[in-house]
Amino acid sequence: MQKLILIDGSSYLFRAYHALPPLSNTAGQPTGAIYGVINMLRRIIKDYPDDQVVVVFDPKGDTFRHRLYPAYKANRGETPEDLIAQIEPLYEIIRAMGLPLIIVDDVEADDVIGTLASAADKKGREVIISTGDKDMAQLVNARVHLINTMTDSKLDIAGVQKKFGVLPEQIIDYLSLIGDSSDNIPGVAKVGPKTAVKWLAHYQSLDNLAKHADEIGGKVGENLRAWLKDMALIRELITIRCDVKLPKEIAAIKQSPTDHHKLAELFKQLEFKAWLKAQLALLATEQTDHAVVKTTEKTADQQQLILTKSAFDHYLLKLKNAKLIAFDTETSSLDDFVAELIGVSFSFNGHDGVYIPLAHDYIDTPQQLDRDWVLRQLKPILENPDIKKIGQNLKYDKKVLMNYAIDLRGIAFDTMLESYVYNSTATRHDMDSLALHYLNYHCISYEDVCGKGAKQIGFSQVDINKAAAYAAEDADVTYQLHQQLWPALAKDPALKKVFETIEMPLLDVLTEMERYGVLIDSHYLNQQSQALAERLTALEQSAYKAAEVCFNMNSPKQLREILFDKQGLPVLKKTKTGQPSTAEDVLQDLALDFALPKIILDYRSLSKLKSTYTDRLPQQVQAKTGRVHTSYHQAVASTGRLSSANPNLQNIPIRSTEGQKIRQAFIAPKGYKIMAADYSQIELRIMAHLSDDAGLKQAFAEQQDIHSATAAQVFGVPLATVNAEQRRKAKAINFGLIYGMSAFGLAKQIHVDRNTAQSYIDTYFKRYPGIKAYMTRTQALANDKGYVETLFGRRLYLPEIKASNKMRRMAAERIAINAPMQGTAADIIKIAMIHIYQWLNKNHVDAKMVMQVHDELVFEVAEKEIDMAREKVKYLMESAGELSVPLIVDIGVGDNWHEAH
């Protein structure tokens, strides 16, 4: 006989809301509680696939218990708005899953569950109640058990007795005695679980205890006897009713078929991407009439796999006459220097993708066309600027083709960049994520064809037919994405201009920078690694001495025991599991007053530099070039900034001695110099322009030291008398406020009390009223439009700007203030890179742009070209944006990166 699985939906809704982080989709719709409850339901269905599952929720408003006792649950605050907003979408998902959802007016979920459990029990059915509510223990018997998926626990009769110390039939009396603070039901004053268990063990029941109340001595006996007048009411409030009149007989409560289309729609809206992907895969498998184009379905004249010269010649003619094609490569490696072409795919309209295999290599591989011959035929097409190409992250494909002496030209559209410019925060910008978000399409994944983990094979080992379905789909989906994204992007002239004049031209710039790389002194770095190792050993010994015990420096558990248990340091913050935190910001605060946290911070910092740079950089030298080649990502940082990876060259500290020594390892070859060109305080200059603040503009126009000028204003002293400490604090104020820093944050950074920090902020805004006006104006615009813009029209959407959660809303407001500055700075340096790249190539200057690090460009310049390069680069960078204050670029030259500063 089927088991009856009863889900206490209300219990799990509240627990999920408080247990999970405040998740939301890009539209700002809260989703965390929904995710938690649905995750629990999916687990229940997986654990009980053949049983009947019913979900029960509390109704809106009061129930009969409120009429019995007006103070019932009176201690509870209003339900948070961001929880209320999740209830209806949750109901929609549950119904789409086909699960019966029961809500009975005037009756709590507990009573509905009790009634259903009792009816099933009488029919001899086993009942499982999924809940976190201790009241439900009163329903447990030989056939009715409780489970709690959040704690992975199960309660039967023995389990109830072990947990509570009483039998299930005594739970009502037990709870009546101790009360229920969560429901505002009073128990006997000063009576806790131990006393209640002792009384019930002796007297068996509450009624018998009441008859012998005079036997209970002391104050607790007085409290019991005073409480007895309310005993009947309290017991009635505690008792779960098992005789509720339900809208349907239990036999009529049936599970409906899952509505996969509706689930896909809801999962897309809420951005539950993994679940959406699974739904779409299921829909594709079932060959439903879902509105997703099956890109791999071909008509008779649409050949998906090209293996013969005649088929290739026929297709080549189509390529030669094409105006716009989607193009993709399949390779042997993500490292473009060693990647070999395994095959190429094309699409003309998003529904006719083909795959040309070139180097599959497994037993019984079908005959393929010769790779060199095919590439010779394709080279004129791939290098033809009049045949426009669409791709997804074409920078990679362009670099791979360089291995075969092919210069990919005519790159008109990159769907990764189209998505990024259109809305940088809507989704990730890889093809699978874009297909899910914009096409409701689940792509064949790389793991689907190559496997996972240790069993993963290279693409050359993939069966050609599987590879064709995968690769042709890539080309088709890329074309479809362009058809979806480009019209939407092109509607806005400013966004169109950002795409066409900044992001797409930058692709060629970054390709050359990455391909050329930067020279490093590996021997010098090895020496630095050895020196760091010695310093780390010394720090370990200092830490052991301070702790008076040896311990694992990298173990948060051991560090927690030493700092908080052994040394008794104050606990400033706790982890999600309730343990004292040893995070960096906590240690920084503790390091102000205690020795060991400072040692730990120094150790962590040096250890990271050693592992990330001095040890790792020499290993990342490319054998073919003798240089290090980072990858610059255009579509990661939401504000428009570039990010760097493998290796990340943007996180090398500039102010620490160790960071400076690492920069000394970035060198120029013989006959060349390193030239570093850095925008001076570009974000503050952009702030002056955006805010139109007279005082700030004047300071820049007069070429004052802006931090000293701010110090003079805030501290009320003559500019000439500003000291180093005042300038340091003013610098923290200048940069802190443009990042939306609060008085609390500023106080923490400059080590003053909160009132003093607030007075600094108040004075700052009094002296620079335009900045305050800009902040207020920008927050209002962000609230109205849902996004902010750079001077060039790039948008940053702020889905949390109207969040009901105050902390999330305030974080979005801080981003709204800073994003136009950070984004404009990113646009300006990108424009400068494009102009410099064009100048270098047009004039055949013996110089290369080798790095972009935040607001700085680093060049490798022939010694004979230094003076001319310095002058021209400075001009091009300073003229990359038109502000109401001058853009200033500082340029230095040296034998290495550090010397050039």
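Here, the structure is the one placed above.
I will try to describe carefully the structure that is included in this document. (Residues numbered from 1 in each chain as written. Predicted model: local features only at pLDDT ≥ 70, side-chain atom pairs only at ≥ 80, totals over all residues. Heavy atoms only, no water.)

## Digging into the overall build of the protein
How we decide: Under the DSSP-based scheme used, a helix requires at least four consecutive residues in state H or I and a strand at least two consecutive residues in state E, with every element numbered from the N terminus. Three labels apply to residues, based on accessible area from a 1.4 Å probe with only protein chains included: buried if under 20% of the type maximum, exposed if over 50%, partly exposed otherwise in between. Contacts are assigned to residue pairs that have any heavy atoms within 4.5 Å of one another. Surface accessibility in these figures is a Shrake-Rupley result with a 1.4 Å probe; residues are shielded only by whichever protein chains are displayed. His is not counted here, nor are the chain ends, while Lys and Arg score as positive and Asp and Glu score as negative. By convention, charge coordinates are those of NZ in Lys, CZ in Arg, CG in Asp, or CD in Glu.
For the protein, the count of helices and strands is 36 helices and 21 strands. Projecting the C-alpha coordinates of the protein onto the three principal axes gives extents of approximately 105 × 85 × 55 Å. When the 901 residues of the protein are sorted by exposure, 52% land in the buried category. Here the contacts in the protein between residues at least 6 apart in sequence split such that 67% fall between residues at least 24 apart. For the protein, the accessible surface area stands at approximately 41000 Å², while carbon and sulfur atoms represent 50% of it. Taken as two groups, the 106 positive and 112 negative side-chain charges of the protein have centres that lie 2 Å from each other.

## Quick notes on a nonpolar patch on the surface
Test applied: Grouping into patches uses exposed residues only, defined as over 30% relative accessible area, and leaves out salt-bridged ones; the cut-off is 9 Å for like charges and 5 Å for nonpolar side chains (Val, Leu, Ile, Met, Phe, Trp, Tyr). For this document, the term salt bridge refers to a Lys or Arg side-chain nitrogen within 4 Å of an Asp or Glu carboxyl oxygen.
On the surface, Leu-20, Leu-23 and Tyr-35 cluster together into a nonpolar patch covering about 210 Å² of accessible area. By the element assignment, Leu-20 lies in the loop between helix H1 (9-19) and helix H2 (32-47). Since its relative accessible area comes to 31%, Leu-20 is described here as partly exposed.

## Brief notes about the environment of Leu-316
If you trace the backbone, Leu-316 turns up in helix H14 (residues 309-320). The spatial distance from the C-alpha of Leu-316 to the C-alpha of Glu-169 is 82 Å, given a sequence separation of 147 residues. Beyond its immediate sequence surroundings of up to four residues, Leu-316 is in contact with Gln-377, Leu-378 and Ile-381.

## Examining helix H22 (residues 522-547)
The cut-off we apply is this: An expected span of 1.5 Å times one less than the residue number is assigned to each helix. Residues adjacent in sequence count toward polar contacts only when both atoms are side-chain atoms; beyond that, a polar contact is any pair of N or O atoms within 3.5 Å, and within protein one must be able to donate a hydrogen and the other to accept it.
Taking 1.5 Å of rise per residue, 26 residues should cover 38 Å, and H22 covers 37 Å from first to last C-alpha, within 8% of that figure. Those residues of H22 that sit buried are Tyr-524, Leu-525, Gln-528, Ser-529, Leu-532, Leu-536, Leu-539, Ala-543, Tyr-544 and Ala-547. Of the residues flanking the start of H22, the one acting as N-cap is Asp-521, its side-chain oxygen 3.2 Å from the backbone nitrogen of His-523. Remark: Glu-548 follows H22 within two positions and exhibits a positive phi of approximately 60°.

## Concerning the environment of Ala-812
Tracing the backbone shows Ala-812 in helix H35 (residues 806-842). Taking the C-alpha atoms as reference, Ala-812 lies 9.9 Å from Gly-740; in sequence the two are 72 residues apart. With residues near it in sequence (within four places) discarded, Ala-812 still touches Leu-798, Glu-800 and Ile-801.

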